[in-house]
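Structure assessment
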Amino acid sequence: MESGAAAGRAPGRFPFPYTPYRIQEQFMEALYGALEAGRVGIFESPTGTGKSLSLICGALSWLRDWEEKRRQEEARLLALGADGQDGLTPQQARPGSADTAGQPDWVTAFVQKKEERDMVDRLKEEQIRRKKQKDHLEKIRHDVHLKYAAKRKRCEEDEAKRLLQLSKEALSQGAGEGALDQLDHNEEELILAEYESDDEKKVVSGLEEDDDLEEEHVTKIYYCSRTHSQLSQFVREVQKSPFGKDTRLVALGSRQSLCVNEEVRRLGALQLINDRCMEMQKNKHEKKSNEENEGKKRCVSHTVCPFYSYEQMQFLRDEILVEVQDIEQLVSLGRETKACPYYGSRFAIPAAQLVVLPYQMLLHEPTRNAAGIKLKDQVVIIDEAHNLIDTITCIHSAEISGSQLCCAHSQLSQYMERYRKRLKAKNLMYIKQILYLLQQFVAMLGGNVNQNPGCQAVSQTGTVLKSINDFLFQSQTDNINLFKVQRYCEKSLISRKLFGFVERYGGPASAVKTNKENQKLAGLQNFLLTLQQGSDKEALVFRSVAKVACLSFPFGPAGTPLSPPLEAEHDQLRTASPLMQIEGFLSALTNANQDGRVILNRQGTVGQSSLKFLLLNPAVHFAKVVEECRAVIIAGGTMQPVADFREELLYCAGVDPVRIVEFSCGHVIPPENILPIILCSGPSNQQLEFTYQTRDLPQMMDETGRVLCNLCNVIPGGVVCFFPSYEYEKQVYGHWEKTGLLSRLAAKKKIFQEPKKANQVEQVLVEYAKCIKHRAADQAPSRVLIENLCMKAVNQSIGRAIRHQKDFASVLLLDHRYARPAIFNKLPQWIRERTQVKPAFGSAFAELRKSKVTDKLPGFVCSQFHRDRLDAL
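Notes on the structure follow. Source: prediction; values computed, not measured. (Residues numbered from 1 in each chain as written. Predicted model: local features only at pLDDT ≥ 70, side-chain atom pairs only at ≥ 80, totals over all residues. Heavy atoms only, no water.)

In this section: the overall build of the chain. Helix and strand content of the chain: 32 helices and 17 strands. Taking all 873 residues of the chain together, 51% fall into the buried category. By element, 51% of the accessible surface of the chain is carried by carbon and sulfur atoms, the whole surface being about 41,200 Å². (Helix = DSSP H or I, 4+ residues; strand = E, 2+ residues; numbered from the N terminus. Buried < 20%, exposed > 50% of the residue type's maximum accessible area, 1.4 Å probe, protein only. Areas by Shrake-Rupley, 256 points an atom, 1.4 Å probe, with all protein chains shown as cover.)

Next comes the structure, spelled out in structure tokens:
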């Protein structure tokens with residue numbers, strides 16, 4: 001591959017699987033320049049313009065050129081060092097060299113020579129290490145026998161372990177081994193281990209002892225996106241690109257996505273899977289000391305994960321680096337090799353050139369550190385970044401209900417009473433602190449932690465906003481070190497132990513030993529049963545402000561409206577202990593006072609009330625990313641308005657304005673393929689203005705229905721109608737049912753509603769696709785802060801209309817305020833250039849009738865009803 005110039009590459013010099021569009025070449029040129037100059041870039045490329053492939057080819061072209069320049073520089077320095085003469089100049093010595101000012105010349109020369117020799121030695125060692133690694137990976141890539149040899153060895157080890165276990169069981173028969181201290185054999189695992197705080201002992205996990213995590217991290221690109229499917233799609237694009245054969249790529253994911261231990265996967269909840277995995281690791285590291293005392297009487301045999309084998313994970317790491325694989329392929333390989341994909345992929349990070357990972361793993365610092373991700377002098381690309389600010393806010397916000405607080409207090413109290421004589425003093429101290437916190441938090445909601453929250457009425461309802469310090473002071477918890485409590489919860493795995501305790505004794509089939517214990521635990525069972533229904537209702541779901549509900553009218557035969565999918569059966573997976581959610585709230589309270597607020601929401605009963613931490617300054621959690629990285633690229637299909645990213649995120653994170661670059665390109669579609677229209681009034685000349693005061697008016701909902709009915713008369717294909725929220729979509733839908741307008745729509749188009757639950761969306765899409773196949777089967781359906789929030793959602797909706805070069809769409813913006821310059825200028829440029837403003841419905845209707853877009857392919861309607869907070873518009 002040919003190296004590019006320092007400032008960038010000439011057009012046409014980027015390896016590409018096909019002839020790129022001109023805007024793709026411009027995108028790659030701008031990306032290359034931003035990475036070379038170490039900038040923070042905001043890149044916008046509309047959906048359907050090949051953004052992912054442009055990111056891949058532009059970024060990896062820069063990386064290959066950078067690696068080549070580094071190799072050339074190292075070779076030059078080594079050649080100078082081999083001459084044995086003057087060698088390097090002082091300017092070529094590494095930063096941080098000894099200060100020899102005022103020293104005799106012979107001392108200065110000696111120090112300089114020593115630094116030169118040391119640097120040459122380091123370069124030689126790095127070259128040898130890189131060559132050894134490259135040869136090793138090449139050998140694996142071309143020698144099939146090595147793969148099967150590792151698998152055979154693992155099978156042999158498993159068989160040897162099985163035979164050894166059988167021998168031990170035979171020897172132990174009749175030896176009288178049994179449980180100790182009146183506890184069941186498996187119950188020992190529920191007891192908290194002795195805890196030592198940071199002041200007493202620096203806890204080092206087994207993984208931190210591995211040499212490979214100390215391996216030098218090569219310069220790499222971290223690519224992150226929102227969803228698992230987006231990451232898998234990106235990996236497939238890399239596989240198809242010219243870089244697919246020789247790029248060392250590793251795809252990271254959560255334990256929930258990567259775990260291959262069926263016993264652990266069955267736990268369902270992510271927090272439970274995490275805790276159980278860490279517990280099994282701990283058991284594995286303790287196993288050796290247990291085996292040394294094998295002659296002694298032991299209480300319990302701790303479970304270890306059979307997939308957590310260092311040797312097999314090293315083999316899996318090599319397989320990952322040899323061939324590009326997505327998450328699904330990685331999981332299959334892990335099952336085949338009996339190696340953990342979660343840790344195997346982490347072992348591959350240092351040597352990888354491209355790391356693909358979800359938002360949360362990069363943006364949440366504790367998760368980032370736990371995964372072994374080092375951002376110093378690396379490149380970060382954040383794709384689908386239109387909701388980046390909201391994502392950071394949601395990741396670091398938390399909410400807990402009164403029911404969760406009371407339930408956790410009851411569970412933890414029962415746990416402490418059950419095992420009080422077996423718990424060490426330090427554990428009892430922290431448990432009592434947690435119980436006190438729960439008690440005071442419930443008191444802040446106006447309740448008593450010892451009473452059923454569903455039966456406690458709240459005397460003063462309403463919402464109160466407090467600073468973190470005020471909340472802690474008024475709840476009388478400001479004297480507790482929340483940092484230590486947070487670390488105790490993390491290291492002791494108390495939520496996991498508590499869940500195991502409730503799992504064992506919280507059900508009707510559980511058995512206990514004495515009447516006294518039976519009475520205590522029966523109380524827990526009854527209390528949990530009273531909370532079960534309320535807790536289910538109060539499950540917390542975060543939704544991005546850019547999320548919009550939609551009604552879909554696919555092109556197809558007329559039919560009756562499709563009712564929203566019935567509520568799914570209750571999940572069979574057990575829900576996590578409420579203490580796990582409370583740990584997140586406690587962690588949020590450790591933020592700086594100015595960076596967040598606590599919202600007390602007192603509603604009806606204590607159980608219905610809640611405490612919520614709201615992050616106000618997302619930049620504080622993004623600052624370290626932009627500070628450490630060589631370059632950061634924020635990319636998306638619709639990034640307007642970019643003022644949000646500049647002012648709320650980058651400037652507040654301390655980024656110098658000079659370092660920020662922006663790039664926005666047009667669309668690849670011809671101008672005649674898109675017809676954006678701002679509609680100010682409807683067929684009956686009713687002005688369209690969906691403010692909080694007017695949007696609920698019957699005449700406003702009626703006029704919207706008339707617009708849709710008329711549009712369906714002239715649009716032969718599909719129509720998609722976007723709403724700002726599920727609640728408003730439900731209100732409008734119900735009004736249309738009462739007035740009979742919905743039946744008129746259903747006579748022209750079959751109606752589908754987007755379900756609120758994510759796991760039901762696929763079912764609706766399948767039905768939608770079936771309807772499409774019946775007709776036209778080859779056509780695709782296609783005041784500053786507040787305005788920005790609104791226009792983000794609008795632009796995202798418009799982006800759904802045009803996704804490929806040959807798509808056609810008509811876009812109607814139903815509100816006269818879209819014609820205002822301040823709002824109009826926040827539309828994407830490629831839309832603004834083609835948008836017509838129609839004051840009356842007649843002229844807009846006539847334009848639709850004569851438009852080639854309407855004649856050729858199904859149209860698209862974007863009906864943007866402004867959310868409650870948009871009164872300022």
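Interaxial distance between helix 9 (residues 310–322) and helix 10 (residues 327–337) falls to 11 Å at its minimum, and their mutual angle equals 145°. Note on packing geometry: the crossing formed by helix 9 with helix 10 is right-handed. Two secondary-structure elements touch here, helix 9 through Gln312, Phe315, Leu316, Glu319 and Ile320 and helix 10 through Leu330, Leu333, Gly334 and Thr337. Tallied by class, residues from the contact of helix 9 with helix 10 come to 5 nonpolar, 3 polar and 1 charged. (Axes fitted to C-alpha atoms, helices over the stretch in contact; angles between N-to-C directions. Left-handed = near helix turned anticlockwise from the far one by under 90°. Contact = heavy atoms within 4.5 Å. Nonpolar A, V, L, I, M, F, W, Y, C, P; charged D, E, K, R; others polar.)

In this structure, Leu649 sits in helix 23 (residues 643–651). Along the sequence, Leu649 and Ala623 sit 26 residues apart, while their C-alpha atoms lie 8.4 Å from each other. Ignoring sequence-local partners within four residues, the contact set of Leu649 consists of Leu388, Ile389, Ile392, Pro618, Ala619, Phe622 and Asp644.

In this section: the environment of Gly253. Summarising the element assignment, Gly253 is placed in the loop between strand 3 (249–251) and helix 6 (255–258). Measuring from C-alpha to C-alpha, the distance between Gly253 and Val356 comes to 8.7 Å, with 103 residues separating the pair along the chain. Apart from the residues within four sequence positions on either side, Gly253 is in contact with Leu258, Ile327, Tyr342 and Met361.

Turning our eyes to something else, we now look at the sheet that holds strand 3. Taken in spatial order, the 7 strands make up an open sheet running 3-4-2-5-11-1-12, and their pairing is parallel. The open sheet terminates on both sides in strands that have one partner only, identified here as strand 3 and strand 12 (660–664). Each neighbouring strand pair of the sheet contributes to a mean axis angle of 15°, computed without reference to strand direction. Relative to strand 4 (residues 354–358), strand 2 (residues 221–225) runs parallel, the two sharing 5 bridges. Paired with Tyr223 across the bridge in strand 4 is Val356. (Pairing = 2+ DSSP bridges.)

Here we have 4 strands laid out as an open sheet, ordered 6-10-9-7, and antiparallel in their pairing. This sheet does not close on itself; its edge strands, each paired only once, are strand 6 (398–401) and strand 7 (462–467). If you compare each strand with its neighbour and ignore which way they point, the axes differ by 15° on average. For strand 7 and strand 9 (residues 596–603), the ladder comprises 6 bridges, and the chain directions are antiparallel. Bridging across to strand 9, Thr463 finds its partner in Asn601. Along the sheet face, helix 21 (residues 578–588) touches strand 6, strand 9 and strand 10 (605–615) and points at about 130° away from the line of strand 6.

Glancing now at the pattern of salt bridges. Side-chain pairing between opposite charges can occur once the charged atoms of the two side chains come close. Following the criterion strictly, the structure yields 18 salt bridges and no others. Here Glu25 makes a salt bridge to Arg22, at a shortest N to O gap of 3.0 Å. With Glu25 and Arg22 both in helix 1 (residues 22–37), this residue pair falls 3 residues apart, about one helical turn. The salt bridge involving Arg335 is made with Glu262; its shortest N-O contact spans 3.6 Å. With Arg335 in helix 10 and Glu262 in helix 7 (residues 262–265), this residue pair connects regions lying 73 residues apart in the sequence. The exposure class of Arg335 is partly exposed, given its relative accessible area of 38%. (Salt bridge = Lys/Arg side-chain N within 4 Å of Asp/Glu carboxyl O.)

This brings us to the packing of helix 24 (residues 698–714) against helix 31 (residues 841–850). Here helix 24 crosses helix 31 at 25°, and the two axes come no closer than 10 Å. Classified by the interaxial angle, the pair formed by helix 24 and helix 31 is roughly parallel. For helix 24 against helix 31, the interelement crossing comes out right-handed. Residues Asn710, Leu711 and Val714 of helix 24 form the contact with helix 31, whose participating residues are Phe841, Phe845, Leu848 and Arg849. A class-by-class count of the residues in the contact of helix 24 with helix 31 yields 5 nonpolar, 1 polar and 1 charged. (Parallel < 35°, antiparallel > 145°, perpendicular 65-115°, else oblique.)

Taken as a whole, the largest cavity spans an internal volume of roughly 110 Å³. Contributing to the lining of the largest cavity are Arg255, Cys259, Val260, Asn261, Val264, Ile273, Cys277, Met280, Cys305, Phe307, Cys340 and Tyr342. Per-element tally for the lining of the largest cavity: the top contributor is helix 8 (residues 270–292), with 3 residues. (1 Å grid on protein atoms, 1.4 Å probe; cavity = no way out; pocket = protein on both sides within 12 Å on 5 of 7 lines; lining within 4 Å. Points joined across faces, edges and corners; volume = space filled by probe spheres on them.)

Time to look at unusual backbone geometry. Both trends apply: most residues other than glycine have a negative phi, and most peptide bonds are in trans. The phi dihedral of Asp377 is positive, around 60°, even though this residue is not glycine. Of note, the phi angle at Leu493 is positive, near 60°, even though the residue is not glycine. Tracing the chain through its elements places Leu493 in the loop between helix 18 (482–492) and helix 19 (494–505). According to the relative accessible area criterion, Leu493 is buried, its value standing at 9%.

For strand 10, a buried count of 8 out of 11 residues is recorded, marking the element as mostly surrounded by other parts of the structure. Where strand 6 meets strand 10, 4 bridges bridge the pair, whose relative direction is antiparallel. Its bridge partner lying in strand 10, Ala398 is registered against Phe613. One ladder, built from 7 bridges, connects strand 9 with strand 10; its direction is antiparallel.

So, on to the packing of aromatic side chains. Using the criterion set out here, one finds 19 aromatic pairs in the structure. Aromatic pair Tyr308 and Tyr343: ring centres 5.3 Å apart, planes at 80°, arrangement edge-to-face. Residue Tyr308 is located in the loop between helix 8 and helix 9, and its partner Tyr343 is located in helix 11 (residues 341–347); the two are separated by 35 residues in the primary sequence. Just as Tyr308 is buried, Tyr343 falls in that class too. Through successive ring pairs, a cluster of aromatic residues spans Phe27, Phe43 and Phe663. The residue whose ring lies beneath Arg695 is Tyr728, and the NZ or CZ to ring-centre distance is 4.5 Å. Sitting above the plane of the Phe645 ring, Lys792 keeps its charged end 5.4 Å from the centroid. (Phe/Tyr/Trp six-rings, centres within 6.5 Å; stacked < 30°, edge-to-face > 60°. Lys NZ or Arg CZ within 6 Å of the ring centre and 35° of its normal.)

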